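Structural features, examined
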Amino acid sequence: MNAIIFSALAGVVMMFSGIFTKNTSIITNVARVALAVLIAVNLLDTYGGWMIAVDTKNLLSFNKFGFFFNTILFVATFLFFVLSGRDIEKVGSYTAEYYALIFFSLCGIAVLTSFNNLLMMFLGVEIMSIPLYILTGADKKNLKSNEASLKYFLMGSFSTGIMLMGITLVYGATGNFNLPPISSAVTGAVVSDSIIGPLGLLLIFVSLCFKVSAAPFHFWTPDVYDGAPSVFTSFMATIIKAAGFFAFIKLFEERSSDLRVSWKIIMPVIIIATLLAGNITAVFQQSVKRMLAYSSIAQAGFMLFVVYANNNSIGKEGILLYAAAYSLATIGIFAILIRMKDYTFNGYNGLAKKEPFIAAVNTILLLSLAGIPLTAGFFAKYYMLAAAINAGGKSVLWLVVIAVLFAAVSVYYYFRVIQAMYFKEGDAEVENVNNRFKFGLLIIAALIISIGILPSVLLNWFYF
Amino acid sequence: MNQLVYLVPLFPLIGFLINGLGRKSLSKSLIGVIGSGTILASFIVSLVLFFNVKNNGAVVVDYFNFINIDSLKISFAFQIDALSSLFLLIITGVGFLIHVYSTAYMQDEEPQHYGRYFAYLNLFVFSMLLLVMGANYVIMFIGWEGVGLCSYLLIGFWFKNDNYNYAAKKAFVMNRIGDLGFLLAVFWLIAKLGTANYADVFAHASSLTPFDVTAITLLLFVGAMGKSAQIPLYTWLPDAMAGPTPVSALIHAATMVTAGIYMIARSNVLYSMSAVTMNVVAIIGLVTALFSATIALKQNDIKKVLAYSTVSQLGYMFLGLGVGAYTGAVFHVMTHAFFKALLFLGAGSVIHAMHHEQDIRKMGGLKKHLPITHLTFLIGCIAISGIPPFSGFFSKDEILAAAFAKNPVYWGLGVAGAAMTAFYMFRLYATTFLGTFRGTHDQEHHLHESPSAMTIPLMVLALLSVVGGFVGVPEILGGHHELHGFLSSVLTTEVAHESSKNTEYVLMGISVAIAAIAIIFAINKFSKKPELQDAQGFGKVLENKWYVDELYDTFFVKTTLAKAKFLKDIIEKNVIDGAVNGVGKLVNYSSRQLRLIQSGQVGNYILFMVLAIVVVILLWVNDNHLYQYISKLF
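Remember, predicted model here, so these are calculated numbers, not experimental data. (Residues numbered from 1 in each chain as written. Chains lettered and ligands numbered in written order. Predicted model: local features only at pLDDT ≥ 70, side-chain atom pairs only at ≥ 80, totals over all residues. Heavy atoms only, no water.)

The helix and strand inventory of chain A stands at 21 helices and zero strands. Out of the 464 residues in chain A, the part that is buried amounts to 62%. Pairs at least 24 apart in sequence give 82% of the contacts found in chain A among residues at least 6 apart. For chain A, the computed accessible surface area is about 16,000 Å², with 68% contributed by carbon and sulfur atoms. (Helix = DSSP H or I, 4+ residues; strand = E, 2+ residues; numbered from the N terminus. Buried < 20%, exposed > 50% of the residue type's maximum accessible area, 1.4 Å probe, protein only. Contact = heavy atoms within 4.5 Å. Areas by Shrake-Rupley, 256 points an atom, 1.4 Å probe, with all protein chains shown as cover.)

Broken down by element type, chain B carries 26 helices and two strands. Counting all 634 residues of chain B, 57% fall into the buried class. Of the contacts formed within chain B by residues at least 6 apart in sequence, a portion of 81% connects residues at least 24 apart. For chain B, the computed accessible surface area is about 25,600 Å², with 67% contributed by carbon and sulfur atoms.

Moving on, we get to unusual backbone geometry. It is generally the case that most residues other than glycine have a negative phi and that most peptide bonds are trans. Look at the link from Ala215 of chain A to Pro216 of chain A: it is a cis peptide, with omega at 0 degrees. Mapping Pro216 of chain A onto the fold places it in the loop between helix 9 (196-211) and helix 10 (220-227). Here the bond from Ile231 of chain B into Pro232 of chain B is cis, since omega is 5 degrees, no more than 30 degrees from zero. The residue Leu374 of chain A is not glycine, and still its phi comes out positive at about 75 degrees.

The next point concerns the interface of chain A and chain B. The interface is formed by 40 residues belonging to chain A together with 28 residues belonging to chain B. Together, Phe219, Ile265 and Phe284 of chain A form the three largest contributors to the area buried by chain A at its contact with chain B, with a combined 23%. At the junction of chain A and chain B, the tally comes to zero salt bridges. Among the elements that line the side of chain A that touches chain B, the one with the most residues is helix 13 (residues 266-283) of chain A, at eight residues. Taken together, the residues of the side of chain A that touches chain B sort by class into 31 nonpolar, five polar and four charged. (Buried area = accessible area lost by both parts, 1.4 Å probe. Salt bridge = Lys/Arg side-chain N within 4 Å of Asp/Glu carboxyl O. Nonpolar A, V, L, I, M, F, W, Y, C, P; charged D, E, K, R; others polar.)

With that settled, the discussion passes to the packing of helix 16 (residues 371-385) of chain B against helix 20 (residues 452-467) of chain B. Residue and element names in this part refer to chain B. Between helix 16 and helix 20, the shortest axis-to-axis distance is 9 Å and the interhelical angle comes to 30 degrees. Relative to helix 20, the element helix 16 is oriented roughly parallel. Viewed along their axes, helix 16 and helix 20 form a crossing whose handedness is left-handed. On helix 20, the residues that touch Ile372, Thr373, Thr376, Ile379 and Ala383 of helix 16 are Thr455, Leu458, Met459, Ala462, Ser465 and Val466. Of the residues contributing to the contact of helix 16 with helix 20, the split by class is seven nonpolar, four polar and no charged. (Axes fitted to C-alpha atoms, helices over the stretch in contact; angles between N-to-C directions. Parallel < 35°, antiparallel > 145°, perpendicular 65-115°, else oblique. Left-handed = near helix turned anticlockwise from the far one by under 90°.)

With that settled, consider the pairing of strand 2 (residues 72-80) of chain B. Side chains on a regular strand alternate between the two faces of the sheet. All names here are of chain B. In terms of residue burial, strand 2 counts as a mostly covered element, since eight of its nine residues are buried. Judged from the nine bridges that link them, strand 1 (residues 59-69) and strand 2 form a sheet pairing that is antiparallel. Across the sheet, Asn65 pairs through a bridge with Ser75, a residue of strand 2. Hairpin connection of strand 1 to strand 2: two residues between the antiparallel strands, including Asp70 at a positive phi of 50 degrees. (Pairing = 2+ DSSP bridges.)

All right, on to the side chain of Ser159 of chain A then. All names here are of chain A. Among the secondary structure elements, Ser159 is positioned in helix 6 (residues 143-174). The exposure class of Ser159 is buried, given its relative accessible area of 1%. For Ser159, the contacting residues outside a window of four places in its chain are Ser207, Phe210 and Lys211.

Summed over all chains, the structure comprises 20 salt bridges over all chains. Its salt-bridge partner being Asp223 of chain A, residue Lys151 of chain A comes within 2.8 Å of it at the nearest N-O pair. Within this pair, whereas Lys151 of chain A is found in helix 6, its partner Asp223 of chain A is found in helix 10, the two being separated by 72 residues in sequence. For Lys151 of chain A, a relative accessible area of 7% puts it in the buried group. With a shortest N-O distance of 3.5 Å, Asp569 of chain B and Lys568 of chain B are connected by a salt bridge. Since its relative accessible area comes to 25%, Asp569 of chain B is described here as partly exposed. Residue class for Lys568 of chain B comes out exposed when judged on its relative accessible area of 53%. A single salt-bridge network, built from bridges that share partners, covers Lys144, Glu147, Lys151, Asp223, Asp226 and Arg290 of chain A.

All names here are of chain B. Relative to each other, helix 11 (residues 259-266) and helix 14 (residues 302-322) sit at 5 degrees, their axes nearing to 10 Å. As judged from the angle between their axes, helix 11 and helix 14 are roughly parallel. Across from Gly260, Ile261, Ile264 and Ala265 in helix 11, the residues of helix 14 making contact are Leu314, Met317, Phe318 and Leu321. Along the lines of polarity and charge, the residues of the contact of helix 11 with helix 14 split into seven nonpolar, one polar and no charged.

This paragraph deals with a nonpolar patch on the surface. Residues and elements named next belong to chain B. A surface patch of nonpolar side chains, amounting to about 650 Å² of accessible area, comprises Tyr6, Leu10, Ile14, Ile18, Tyr63, Phe64, Phe66 and Ile142. Elements with a contribution of two residues or more to the nonpolar patch: helix 1 (7-21) and strand 1. Tracing the backbone through its elements, the reader meets Ile18 in helix 1. (Patch = residues over 30% accessible without salt bridge, like charges linked within 9 Å, V, L, I, M, F, W, Y side chains within 5 Å.)

Residue and element names in this part refer to chain B. Within the secondary structure layout, Lys73 lies in strand 2. Separated by 121 residues in sequence, Lys73 and Gly194 have C-alpha atoms that sit 8.5 Å apart. The contacts of Lys73, once residues within four sequence positions are left out, are Asn65, Ile67 and Asn68.

The next point concerns the packing of aromatic side chains. Pairs of aromatic rings are described using the distance from one ring centre to the other and the angle between the two planes. Taken as a whole and assessed by the stated rule, the structure comprises 57 aromatic pairs over all chains. Where Phe219 of chain A meets Tyr605 of chain B, the ring centres are 5.4 Å apart and the plane angle is 15 degrees; that geometry is what we call stacked. Of this pair, Phe219 of chain A sits in the loop between helix 9 and helix 10 while Tyr605 of chain B sits in helix 25 (residues 602-621), placing the two residues on different chains. Accessibility assignment for this pair places Phe219 of chain A and Tyr605 of chain B in one class, buried. Ring centres 5.9 Å apart and planes at 70 degrees place the aromatic pair Phe157 of chain B and Trp158 of chain B in the edge-to-face group. Taking the relative accessible area as the measure of exposure, Trp158 of chain B reaches 26% and is therefore partly exposed. Each member of the aromatic cluster is reached from another via a ring pair, and the members are Tyr133, Tyr152, Phe153, Phe210, Trp220 and Tyr225 of chain A. A cation over a ring is seen here: Arg416 of chain A above Phe345 of chain A, with NZ or CZ 4.0 Å from the ring centre. The ring of Tyr316 of chain B has Lys396 of chain B sitting right over it, with the charged end atom 5.4 Å from the ring centre. (Phe/Tyr/Trp six-rings, centres within 6.5 Å; stacked < 30°, edge-to-face > 60°. Lys NZ or Arg CZ within 6 Å of the ring centre and 35° of its normal.)

Moving on, we come to the confidence of the model for chain A. Residues of chain A with pLDDT of at least 70 account for 93%, and the chain-wide mean is 87. Segment residues 255-261 of chain A is flagged for pLDDT under 50; beyond a separation of four residues in sequence, or across chains, it makes 16 contacts in the model. (pLDDT = per-residue confidence, 0-100.)

All names here are of chain B. Its place among the elements puts Val541 in helix 23 (residues 538-543). On the basis of relative accessible area, Val541 is assigned to the partly exposed category, the value being 23%. Each C-alpha atom of the pair Val541 and Ile295 lies 8.6 Å from the other, and the pair is 246 residues apart in sequence. Excluding residues within four positions of it along the chain, Val541 makes contact with Trp546 and Tyr547.

All right, on to the confidence of the model for chain B then. Of the residues in chain B, 98% have a pLDDT of 70 or more, and the chain-wide mean is 86. Interface scoring of the predicted complex returns ipTM 0.88; its pTM is 0.70.

A separate point is the side chain of Lys304 of chain B. Position of Lys304 of chain B among the secondary structure elements: in helix 14. Leaving out residues up to four positions away in the same chain, Lys304 of chain B has contacts with Pro238, Asp239, Gln299 and Lys545 of chain B.

This is the structure in structure tokens:
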């Protein structure tokens, strides 16, 4: 509950700070402090230290898994603020409002990690998404930004409609919005005599697929990610996406084995389609930013395994690891990308000679995304696939093999960046590189490698 | 005392790190002090441990769980018992002397290579210590591989010479073949018994089937063949002489090559269970001993003679193992470490004086120029020839006596080999030190005795070669065989001492007499008139080492290279490259097509989504049919 209240409060504080000062660096610092407080109160909540108890009438339920997920995402946001704070200031003249919107989005996330009721889920998704529509269009004078914003809004509304339809159908079949009863009502007898409940769940599933940009509901992703100001793309592609997965897990957590039967075909189809659309299309891109948009779709394909593996502990540990590994690496890569003069692959030519440190960190992060051992990305992928095998046994082996093959394809486009940095001649330009930026990158790289060597440290903390 | 155990390997490791990392900044003298000092420290700790074992018995020190998979637990543990503590003394003691010797021998190297040399040498000692200290086969294997690596690095120490690199590669590849056998044996053990700990393996050895025991012990023996240079994997050892001479003394004579003997002695419980393996070990050992002795008869390179002699002596040790005289074999390891290290270091001293000339035909008459080297070398020659009361006599005699008890033919062939040993050693001695100098005038002018850093180790080793045998004086000569008593806790004895005292006296007399005759004959033959021409007839076959290298080259190396060429030119170029490029092209093509779906039109996107929803619902409705269909497909 702390996280929900404090993130909303922080948003309000940020809005007011815009009235009192126009000094953007003060605003950025206020945002960082507010976020640090948010992390702190969430940790207090996690370990039962100090919490605001509100009777939510079972609409929300809090557990350690959710708190821990919050922590990961808030810490990732904090690193995002440290690395890209200066770039948020540069998007336009409403710095305070941008921060406020980000905090509101975090509030939505906090709701999503604790909902126990379909209406709350709907609220969480919307609180999280609506600020993003605005942030996408934050670069007001840029036509691409406006276009992306409108597209995002239109398609987002469409998926919201689908979700509402699904919720309605589920309500119609079961008579209530709470999570556990619905799942149990949808199974067994109801399935046989009524199509309404499962159909509702299917529609909710589709709209969540839209949120995490799973194919074939991913079409908005490349356009929006490409059009939005790069800093906000970074935020959307990482923290928001991971939160979407949490909603997925939470919704399907109570799903019984009967239900799993009916997902046997749909899930693999969606996973393969997502891996295919993400990986294959990324190969041909010329812009690193657009490549990262497709890569985020490809990574979503991997994260979908946790939904497939449903409710097993390896999967839950894995999605935590994946959220951390993927968010950190992508935030770092975006932070570097934002400061590049040229967003194409050629823009990275010769970066290693000019900025060896940045090139090295970028390499580590890209290796992590590709899933090379000794980086966090390796264990993230490993846990996902292990979870699937654990849940489905030999019958999912083929799916796992396909996923690994696509991971191999992904190496191609990630390594293109490394190749450009190290093996091509050119004069890549990075702007505004200062020591704090390098320090932030160093922390991210260190986290990625330490998780890659000792994943159990992070996971043990989870069980602490 | 248990808390001291880890210090033994730790000191050389620290030495390796300091010398390895600081090789460019440390001075030569400092490198030498660190390199030797760390080994001395290990030696002192080893002494403490040795007496602790002697008084209080064996200890196993368990440090941490090294590998933990399912029910298999392999701990990082050291076992200090009679066998390993004895080896610790040999390794660190002889190792220390050789390090000291090296500080002078390698003086001409540039500082950074000097540092590299000592770093490798320290790393070697570290690995060798791991090998003997490990309390299970896995730790032993780590050391086993470590010494192989160091051997490779040190043979190719002068890496600018391609022949040396080739020799290093050869040693490495040959060792790998053996290592495969070792690994398979360890896996086999783990598969059957679920453990690799010595204590557990030996305790449960009786639950293995005879076939398993034979297979495991034979595979282990394959590992020993590689590491200890037995037929058919011995050819790398003579070539390994490409390394600096102290390396040959330490690695290729005194310590590493005895790892195979150590391993079999360690596994004596298993070996004693399989008569087949014991016979194989004995026969391979005997054949190797004879075969390489014949080659040594006609070699003209001072180090090559010693190298073949080493192979031959290792053969004797395996003969000892094969006939069940484990103690005798370990005893011979010890005495051999003394006199063979002495001989190699003496040879190094000669080579040092002769400015890297190794051909004995160009030496002669060095007696008066190198008095200390001459005297110590002579002692080494007498010791290896088995003349009492020098150390080699006792250990060799014990092996031969056990061989006689097993099968008199073994004994006869063994004595023949001993005669050849005496002959070629004194051929070497006479050609090098007696007669007149045959080198260039310039070389003669520069002949000089080596510095004291080299002669003192020679003297110490000479002393040990003289008295080293007294720890194992057999009872018929009025001794107690202290070594036997000491090792009895680890090594089983199954030699039936059925031969009477008189028989033993006779056997001893015959072998000593034959060796003495061979010595006198060789000195007479070669001191006045050394062999200077290339050998003719059968001698040429021996000089060319029975053409085994050529044989291996034709049958294994060339055919392998031919296969590799086929794979490279045909398979790699057409099949693999074709497949890789084909996949790449396919991905690229589909990427270009898929990209087109991303049209930028919101209307299209929404249409796709609606269609997708319909498809998802259809999939869901027909889920069971589809699933059954797919299940049939896979």
